[in-house]
Structures are given as structure tokens and as C-alpha cells.
Amino acid sequence: MTMHEHRVVLVTGSTQGIGKAAILELAKIDFSVIVNGASTQNLPQDYFNTLKEIYGNNLDERFLYIQADISKKADRQKLLEKTKNKFGRIDVLVNNAGVAPKVRQDILKASEESYDRVLAVNLKGPFFLSQIFSNWMIELKTSLNDEYSPYIINISSINRYTSSTNRGEYCISKAGIHMMTKLYADRLAEYGIPVFEISPGIIETAMTEKVHLKYDKLIEGGFTPINRWGKPLDIAKPIIAIVNGLLPFSTGTVIDIDGGFHLHRL
Ligand SMILES: NC(=O)c1ccc[n+]([C@@H]2O[C@H](COP(=O)([O-])OP(=O)(O)OC[C@H]3O[C@@H](n4cnc5c(N)ncnc54)[C@H](OP(=O)(O)O)[C@@H]3O)[C@@H](O)[C@H]2O)c1
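Quick caveat: nothing in here was measured; it's all calculated off a predicted structure.

Draft legend 1. Quick look at the pairing of strand S6 (residues 195-200). Counting buried positions along S6 yields 6 of 6 residues, so the element is predominantly enclosed. The two faces of S6 match: Val195, Glu197 and Ser199 on one face and Phe196, Ile198 and Pro200 on the other face are all buried. Where strand S5 (residues 151-155) meets S6, 4 bridges bridge the pair, whose relative direction is parallel. When the sheet's bridge partners are listed, Ile155 is paired in S6 with Ile198. For the crossover from S5 across helix H6 (residues 168-188) to S6, the handedness is right-handed.

Structure follows, in C-alpha cells:
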């Protein structure tokens, strides 16, 4: 099989929200893209139309949608095999897919079922997906020339260090992603594979839809130094900076994209 001639990125959870914004920005800088989601068999037509505007008649060659639930081992394997079969290479893995608890429940009442679901999607999935993709990246590193510069980028959250007692399982999963960034950054440095983490603040997506009013009020009250909702594009832009090689002496680095939420203010 001939090697695909463009850089290839897989963004997990990219049917909407932050993942979709990342896909579109990466496509614009000439990446071939793999879109992933768990719940839909086919992407909506408007998604295809937007990609078609970027790729024109090369759409079929440059894009792949894989329905796969990253919490399931067989589905993670499917992501690997389908990527190998279509492109024969992977340059960037963005571990973005994530879920909030279906119901926000105080930790004194939270269910094991919700804990297992959130941890499986937000932490176990990315951990083992990174394992299989980084083993392949290591193989590619030895067989490809110096032009091959792979990256892994993990999307965590301000909840990696911020307590929200009504969704403890989400906080724990994001704290885990933060440690996962360190582990993979450490392990993969010898192979020249940098690992980054982007820690978003409050971003306007389907995930925050249910609590939109609550956050509107917080933002009105001066919640963050940069006082506005974050947008998916705010997260896509630093991904572009990373894959364009603008942080050449960094790995394991966390980039806070949160309007300054992480500052302690007095
Ligand atoms: N929005 C925020 O304020 C915010 C803040 C901090 C961090 N984050 C993090 O940013 C990431 C993206 O969030 P978002 O706001 O863009 O969320 P979103 O709009 O709810 O999108 C989530 C995406 O993940 C996919 N997904 C869910 N479960 C999956 C699974 N088991 N396997 C594969 N894909 C799955 C969904 O695909 P389908 O629906 O098609 O299955 C969807 O494409 C998440 O990790 C989230 O925790 C978000």
C-alpha cells in the first residue's frame, strides 16, 4: 500500500463542538482528517458540505468518518485498523472525545454507573487509544524520514484542578487526563513524539447547553478575566500552533485556554 502523501489527524469526538472546529481548522492547513463519533452512523450533510468546500473533488481521498466508541476496546482497534487501511499513517492524535455525567449529582449521592461511564469514555478510552496509536507512531518514526513529526494532544478541562462536587467523576477523569499527559510525554520523548494538553475553560458547545444560563450569569458577574464564553475555535487555534511546530522545546505542557480562569485573583 502506498503511503498517503498528506499529514493525517484523528480527532476523537469530532462530530460537533470543539472536535469539529479542530477538524475544520486542520483540514484548512492541508491535513487529511479522520472524524469520529460514537452515536451516529453517518455525518450530517452540512458537515460533508463544509469539508467539500475545503477539499473539493478530493474529499473522498482526504477524509474518513469512523463511528467508534472510544470506551470499547474493539472500537479503538477499529479506529487503528481503518486509519491504517485508508491512509497508512497517523501524524496527530487529538484525544478530545468526552462526556459529562448525564445527571449532575452530588458526590454524596453519585452512582457507580455514572462513574464507570464517565471514566471509561474520558480516561480509559484515551489512555488505551494513545497506547495503540503511539506504538504505531514509534514504528512510523523509524520507517519514515525526518519530515515525520507526530504529536499527541489531550483535551482536559479546568476541572482537572477545580472541584465541582456535583460532577466529581468528571473532575476525576480530567485530573487523570492531566497525569496521562505527563506519562505519555515522558515515555514518548525519546522517540521525538511531543505530548500536549489543552485545558479549556467554559466553551459554548452542546456540553454546556444545559447550564448555559448559569454560565451566562457567572460571566455577566465577571467570572473570568477575559470575560466572555470560549468558542470551539479558541481551542482549535492552539492545536494549529502545536502541529505547526511552534513549540519545539516543549512536551507535557498544559496550555490553559480559559479566559484566565486559572489565575488566583484577590
Ligand atoms: N464545552 C466545555 O465547556 C468544555 C470545557 C472543558 C473541557 N471540555 C472537553 O472538551 C472535549 C469536547 O467537548 P465538547 O464541549 O466539544 O463536547 P460535545 O459538543 O458534547 O461533543 C462531544 C463529542 O464527543 C463525542 N463522543 C462522546 N462520547 C464518545 C465516545 N464514547 N466515543 C467517541 N466519541 C464520543 C461526541 O460524538 P457523538 O455525539 O457523535 O457520539 C461528540 O462529537 C471533551 O473532552 C470535554 O470534556 C469541554
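Draft legend 2. Here's a closer look at the pattern of salt bridges. Under the defined criterion, the tally for this structure stands at 9 salt bridges. One salt bridge in this structure joins Lys28 and Glu25, with 2.8 Å as the shortest N-O distance. Taken together, the residues span about one helical turn, with Lys28 and Glu25 both in helix H1 (residues 17-28) at a distance of 3 residues. Of the residues examined, Lys28 reaches a relative accessible area of 54% and is grouped as exposed. Overlapping salt bridges, with partners in common, bring together Arg160, Glu197 and Asp256 in one network.

Draft legend 3. Up close: the packing of helix H5 (residues 112-143) against H6. Following both chains from N to C, one finds H5 and H6 inclined at 15 degrees, their axes separated by 9 Å at the closest point. The angle between the axes of H5 and H6 places the two elements in the roughly parallel class. H5 and H6 meet at a crossing whose hand is right-handed. Contact with H5, carried on its side by Ser114, Tyr115, Val118, Leu119, Asn122, Leu123, Pro126, Phe127, Ser130, Gln131, Ser134 and Ile138, involves Glu169, Tyr170, Ile172, Ser173, Lys174, Gly176, Ile177, Met180, Tyr184 and Leu188 of H6 and no other residues of that element. Here the residues of the contact of H5 with H6 are counted per class, giving 13 nonpolar, 7 polar and 2 charged.

Draft legend 4. Main features of the packing of H1 against helix H8 (residues 232-243). Packing of H1 against H8 leaves a shortest axis separation of 8 Å and a crossing angle of 45 degrees. With respect to H8, the element H1 is oriented oblique. At the point where H1 passes H8, the crossing takes the right-handed sense. Each of Gly17, Ile18, Ala21, Ala22, Glu25 and Leu26 in H1 lies in contact with H8, whose residues at this interface are Pro232, Leu233, Ile235, Ala236, Ile239, Ile240 and Val243. Residues of the contact of H1 with H8, tallied by class, amount to 11 nonpolar, 1 polar and 1 charged.

Draft legend 5. Local environment of the site of the ligand. Around the ligand, the surrounding shell holds 32 residues, and the nearest of these are Thr15, Ser39, Asn96, Tyr170 and Thr205. Here an oxygen atom of the ligand sits 2.9 Å away from a polar atom, N or O, in the side chain of Lys174. At 2.5 Å, a side-chain N or O of Thr205 approaches an oxygen atom of the ligand.

Draft legend 6. Highlighting unusual backbone geometry. Here the phi dihedral of Asp30 falls at roughly 80 degrees; this positive angle occurs in a residue that is not glycine. You can see Asp30 is positioned in the loop between H1 and strand S2 (32-37). For Asp30, a relative accessible area of 41% puts it in the partly exposed group.

Draft legend 7. Highlighting the side chain of Thr12. As for its position among the elements, Thr12 is in the loop between strand S1 (8-11) and H1. Judged by its relative accessible area of 1%, Thr12 falls in the buried class. From its side chain, Thr12 meets the backbone nitrogen of Asn96 in a polar contact 2.9 Å long. With near-sequence residues (within four places) excluded, Thr12 lies in contact with Asn36, Ile70, Leu93, Val94, Asn95, Asn96, Ala97 and Leu129.

Draft legend 8. A look at the sheet that holds S2. Across the sheet, 7 strands lie side by side as S3-S2-S1-S4-S5-S6-S7; this open sheet has parallel pairing. On the outer flanks of this sheet lie strand S3 (63-67) and strand S7 (253-257), each paired with one strand and no other. Sheet twist, expressed as the average angle between the axes of neighbouring strands with direction ignored, equals 15 degrees. Bridge count between strand S4 (residues 92-95) and S5: 4 bridges; the pairing is parallel. Bridge pairing in S5 places Leu93 opposite Ile152. Strand contacts of H5: S1, S4 and S5, with the helix running at about 175 degrees to S4, the strand carrying the most contacts.

Draft legend 9. Local environment of the environment of Cys171. Structurally, Cys171 can be placed in helix H6. A C-alpha to C-alpha distance of 13 Å links Cys171 and Ser114, two positions 57 residues apart in sequence. The residues contacting Cys171, other than those within four sequence positions of it, are Asn159, Arg160, Thr162, Ser163 and Ser164.

About the thresholds
- Residues numbered from 1 in each chain as written.
- Predicted model: local features only at pLDDT ≥ 70, side-chain atom pairs only at ≥ 80, totals over all residues.
- Heavy atoms only, no water.
- Buried < 20%, exposed > 50% of the residue type's maximum accessible area, 1.4 Å probe, protein only.
- Helix = DSSP H or I, 4+ residues; strand = E, 2+ residues; numbered from the N terminus.
- Pairing = 2+ DSSP bridges.
- Right-handed = clockwise from strand over helix to strand, strands pointing away.
- Salt bridge = Lys/Arg side-chain N within 4 Å of Asp/Glu carboxyl O.
- Axes fitted to C-alpha atoms, helices over the stretch in contact; angles between N-to-C directions.
- Parallel < 35°, antiparallel > 145°, perpendicular 65-115°, else oblique.
- Left-handed = near helix turned anticlockwise from the far one by under 90°.
- Contact = heavy atoms within 4.5 Å.
- Nonpolar A, V, L, I, M, F, W, Y, C, P; charged D, E, K, R; others polar.
- Near = heavy atom within 4 Å.
- Polar contact = N/O pair within 3.5 Å; in protein donor to acceptor, adjacent residues only side chain to side chain.

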